[in-house]
Structures are given as structure tokens and as C-alpha cells.
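Structural overview for review
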Amino acid sequence: MNDAGGRTGVLGPGAGGSATGDGFLRRRRRRWLRWTAAGAATMLLGGVAVGWAAYRKLDGNITSDTTAADELARYERERPTALVRDAQNILMIGSDSRSGNENGRYGRDSGTERSDTTILLHLAADRRSATAVSLPRDLMVDVPGCRRRDGTRSEPTFTMFNYAFQAGGSACTIRTVEKMTDIRIDHHVVVDFNGFKEMVDAVDGVEVCVDAPIRDKAAKLRLPAGRVKLDGEQALGYVRARKTLGDGSDTERMDRQQRFLAALAAKVRSNGVLLNPVKLYPVLDAATSSLTTDPGLASLRGLYDLVRGMRGIPMERVQFLTVPRKSYAHDANRDELVEPAAHRLFARLRSDAPVAVARELPEGGPEGHARGLSGGSSLTPDPMPTFRGRTAAEGACE
């Protein structure tokens, strides 16, 4: 009996501490829970590690423009004062540098670079509107004396706007813009050819409408007429092409750039990129890989805070326009500001006051003229001026 009872205790059907085997099942459950917890912890730690690695990669992609920051600090006393808290003015500079393996295909690297495209982006303090103002590369302006790459200093001169970037990089361009507009530049971003291409490819291309077939050797661009979805390489050619498209003017090229940027903004918004980490990562990777920014933006957190503030802006409140300009009186191949329209635009941006844009303005004014400018009694408040431009809601094919 005792032997039989003992054998039953050891070899019975439950093989555990009781005839039903409950102890064995509890031990199995505890082992399973331990393994599950260990697996979950491993996956969690792995996910954190992957996320941290991705963050570090994106964060490390960005180049901090400390040289420009040091130069701007040197001239802090002469810089404009920001008038409206939380409003932001960001200078976006497209560099035509041929340095680097990817940029070399667009021409010989002469050791210098100019600003192929420059846009002053104003973000309203309430983040309910954004206004992007193109500054013509051929605009005649006063460029201050600036520090060159070799440490020498250039002389102040009255010349084309894009000379500023060649003479003293982003710091010289910022000082030139601030001198011209009296607007404090809070941040700046410099992007090269390759960075622009990768951004377009990361959102799977951007659709535009082409009026007639394009064959442009200089821009390496061949496109049929009609609706065309451009990849990164094609998009770069499209926004750079000049002499073979339309009237060959830089003004028309800026209009085309604005149409493309409006379409790009709409594509990012419609695809839910900003809210989808899977879609957002390649866009951020592409964007950060070729960016040089001021130290305040030279981190993923800095860029994220900037983008996050723009997510709620309606597409119809994202506006693109060119600073009011006309042919320079002494050289038809150069530009000069139209006054008082340009002054009014700069004053409203500086004070965070709204402006409006329209595709067409009444005939009779110079190129880029705005309606709604002061012309009556000083006691009558000026209406909101309207400048020739477009919104991101219009799309590239409208």
C-alpha cells in the first residue's frame, strides 16, 4: 500500500504534487509566462534600440552651420529685432554647389557656389498661415562686406543677390536679406541638388502639368506634354530649367518652382506622411542627409518641432509669391524691387500681418505689383494687400 501509494505519488497521471497534476501545470504556466515576459522585454528593448539607432542616424545626418552662427553673432548689433513672439522667419537656400560625388554630374566643381534658389518662409505666430517669398537670384541689392572661406573679407558692393552666397555663404546671404527687408532671420536651411532629388523620391514623385514637350540639355530633362509624375532627377531638372522653357526668364522659373513646391506640400499632406512613421522615416532620412542648418535646427528635435508647428496649416493658407520686382533700369537682364509694393510686403511679414495672393492682378502695374497699397488718406487704414502668387491648395495643374 505504502509502496503503491508512493508510486502513485511519483508516477501517477499528474506526475505532480497532486493526483490531478495542478502543480505541474502551474509550473509550466510560470515558465511560459517567464519566457513570454523575457521575449516581450527583448522585443521592447530591440524596438527601443532600433528606434534609438534610427533617431541617432537622422540626428547625425544634419550638418550644423556653426561658421555662419559665429559670423552672425559678430554682427548682432546691426541685425533687425524680431517684433512678434513665436512668429518665425526661415531662409531656405538651394545651393548650386557641384562638390560631392552626387552633385558633380551637374557641372564642374569650380570651388565656388551660388544660391540657385532662395525663399524667405514666414510662419505666422499662431501657425495658421505660411508665406513663402521667392527672392530672384538676379535682383540688384546691397551686399555687405562678408567673410570669405579663406578668412579674407569681401568689400561691400551693389550687385546681384546670388553673389552674397558665393562671397560669404549663408551668413552673407542672411545679412543681405536682413538689410534689404529689415526682417530678422530666425533660422536658415541650405539644401543641395542631391538632397532635393532624394526628398522627391522619398514621397514617390510629384505630379505636374507640362504645357508642351520639354527637351532641355542643360537641365538633363526630357518630358512629354500633359500630366507627368516626376521622380527626383526629373524634378530637379524641372525646377532648374530656364532658357528652353517659356520666355526663359528667372521670373517664370520661380513661378514654376512655386507650383512644384505647392504640389510637393500637397503630396506630403495627402499621403499622411507627417502622421505615419513608416512613411515619415524615408522622407526625414532624405531631407536630413543633405541639409545644412543653423545650430538651432541642426537636430531631429529642432526640425520636428518646426514641422509639427506647420501640420495644422490649411493648404489654402500656404502661400507662394515672388517679391515684387521689375527689370533693372540699367540692365534688362537684372531685376530691381518694385516700390512701395516690396516695402509693404516686408513690413507686413515683419509685423506678422496677413497678406493675400491671387493668380492674376489688374493690368497696368509693373511685374509683381500688388493691389491694396496706400494711396488715399493717411487716416484710412490700408486694406490687406494682394500679391501675385498661388496657394498650395491650387496644385501644379491648375
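In what follows, the accompanying structure is described. (Residues numbered from 1 in each chain as written. Predicted model: local features only at pLDDT ≥ 70, side-chain atom pairs only at ≥ 80, totals over all residues. Heavy atoms only, no water.)

Between side chains of opposite charge, a pair can form when the charged atoms approach closely. Tallying each qualifying case throughout the model produces 13 salt bridges. Put simply, arginine 79 and glutamate 178 hold a salt bridge, and the shortest N to O gap is 2.7 Å. Linking arginine 79 in the loop between helix H3 (66-74) and strand E2 (88-95) with glutamate 178 in helix H4 (residues 163-181), this pair joins segments that are 99 residues apart in sequence. For arginine 79, a relative accessible area of 12% puts it in the buried group. Take glutamate 178: its relative accessible area is 5%, and that puts it in the buried class. Put simply, aspartate 182 and arginine 350 hold a salt bridge, and the shortest N to O gap is 3.8 Å. (Salt bridge = Lys/Arg side-chain N within 4 Å of Asp/Glu carboxyl O. Helix = DSSP H or I, 4+ residues; strand = E, 2+ residues; numbered from the N terminus. Buried < 20%, exposed > 50% of the residue type's maximum accessible area, 1.4 Å probe, protein only.)

All right, on to the side chain of histidine 122 then. With respect to the helices and strands, the residue histidine 122 is situated in strand E3 (residues 115-123). Note on histidine 122: relative accessible area 4%, which makes it buried. A distance of 2.7 Å separates the side chain of histidine 122 from the side chain of aspartate 352, its partner in a polar contact. Excluding residues that lie within four positions of it along the chain, histidine 122 makes contacts with Ala87, Gln88, Asn89, Ser129, Ala130, Thr131, Leu349 and Asp352. (Polar contact = N/O pair within 3.5 Å; in protein donor to acceptor, adjacent residues only side chain to side chain. Contact = heavy atoms within 4.5 Å.)

Before going further, it helps to examine the packing of helix H6 (residues 232-240) against helix H7 (residues 250-270). Between H6 and H7, the shortest axis-to-axis distance is 8 Å and the interhelical angle comes to 145 degrees. Across the interface between the two elements, Ala235, Tyr238, Val239 and Arg240 of H6 pack against Arg253, Arg256, Gln257, Arg259 and Phe260 of H7. Tallied by class, the residues present in the contact of H6 with H7 amount to four nonpolar, one polar and four charged. (Axes fitted to C-alpha atoms, helices over the stretch in contact; angles between N-to-C directions. Nonpolar A, V, L, I, M, F, W, Y, C, P; charged D, E, K, R; others polar.)

Applying the stated criterion across every chain, the model contains one disulfide. Between cysteine 146 and cysteine 172 runs a disulfide, and the two sulfur atoms are separated by 2.1 Å. Across the disulfide from cysteine 146 to cysteine 172, rotation about the S-S bond amounts to roughly 75 degrees, and the bridge is consequently right-handed. Of the two residues, cysteine 146 sits in the loop between strand E5 (140-143) and strand E6 (157-160) while cysteine 172 sits in helix H4, which places them 26 residues apart along the sequence. Of the two residues examined, cysteine 146 and cysteine 172, each falls in the buried class. (Disulfide = S-S within 2.5 Å.)

Let us look at the packing of helix H5 (residues 193-202) against helix H8 (residues 277-289). Close contact between H5 and H8 brings their axes to 8 Å; oriented N to C, the two are set at 175 degrees. What the angle tells us is that H5 and H8 run roughly antiparallel. Between H5 and H8, the contacting residues are Gly195, Glu198, Met199 and Ala202 on the first element and Pro282, Val283, Ala286, Ala287 and Ser289 on the second. (Parallel < 35°, antiparallel > 145°, perpendicular 65-115°, else oblique.)

Further remarks concern the packing of aromatic side chains. Counted by the stated rule, this structure contains three aromatic pairs. Ring geometry for phenylalanine 196 and phenylalanine 260: centres 5.7 Å apart, planes at 45 degrees, overall tilted. Of this pair, phenylalanine 196 sits in helix H5 while phenylalanine 260 sits in helix H7; the two residues are 64 residues apart in sequence, bridging distant segments of the chain. There is no split in this pair, since phenylalanine 196 and phenylalanine 260 are both buried. Pairwise contacts between aromatic rings join Phe196, Tyr238 and Phe260 into one cluster. Taking the ring centre of tyrosine 75 as reference, the NZ or CZ of arginine 175 above it sits at 3.6 Å. In this structure, arginine 256 packs its charged tip against the face of tyrosine 238, placed 5.6 Å from the ring centre. (Phe/Tyr/Trp six-rings, centres within 6.5 Å; stacked < 30°, edge-to-face > 60°. Lys NZ or Arg CZ within 6 Å of the ring centre and 35° of its normal.)

Our next topic: the environment of alanine 219. Inspection of the secondary structure assignment puts alanine 219 in the loop between strand E9 (214-216) and strand E10 (221-223). Alanine 219 sits 14 residues away from glutamate 233 along the chain, and the two C-alpha atoms are 9.7 Å apart. Excluding residues that lie within four positions of it along the chain, alanine 219 makes contacts with Gly237 and Ala241.

This paragraph deals with the pairing of strand E13 (residues 318-322). For a regular strand, side chains alternate in direction, first toward one face of the sheet and then toward the other. Of all five residues that make up E13, five are buried, and the element is covered over most of its length. Both faces of E13 are covered, namely the face carrying Val318, Phe320 and Thr322 and the face carrying Gln319 and Leu321. Relative to E13, strand E4 (residues 130-134) is paired through five bridges, and the arrangement is parallel. Bridging from a neighbouring strand, threonine 131 pairs with glutamine 319 of E13. (Pairing = 2+ DSSP bridges.)

Right, let's talk about the side chain of aspartate 294 for a bit. Tracing the sequence through the fold places aspartate 294 in the loop between strand E12 (291-293) and helix H9 (300-310). No salt bridge is formed by the buried aspartate 294. Its closest oppositely charged neighbour is arginine 79, at 9.1 Å. Ignoring anything within four residues of it in the chain, the contact list for aspartate 294 reads Asp65, Asp186, His187 and His188. (Lys, Arg positive; Asp, Glu negative; His and termini not counted.)

Leaving glycine out, the prevailing phi sign among residues is negative, and the prevailing peptide bond configuration is trans. In this chain, glutamate 339 is followed by proline 340 through a cis amide linkage whose omega measures 10 degrees. Tracing the backbone through its elements, the reader meets proline 340 in the loop between strand E15 (331-337) and helix H10 (341-350). Here arginine 127, not a glycine, exhibits a phi torsion of approximately 55 degrees, which is positive. Locating arginine 127 in the fold gives a position in the loop between E3 and E4. Non-glycine residue aspartate 182 carries a positive phi angle of around 60 degrees. Note on placement: aspartate 182 falls in the loop between H4 and strand E7 (187-191).

In this section: the environment of arginine 153. In this fold, arginine 153 is placed in the loop between E5 and E6. Those residues in contact with arginine 153, other than ones at most four positions away along the chain, are Glu71, Arg74, Tyr75, Gly145, Cys146, Arg147 and Arg148. Side-chain polar atoms of arginine 153 contact the side chain of glutamate 71, separated by 2.5 Å. Polar side-chain contacts of arginine 153 include one of 2.7 Å to the side chain of tyrosine 75.

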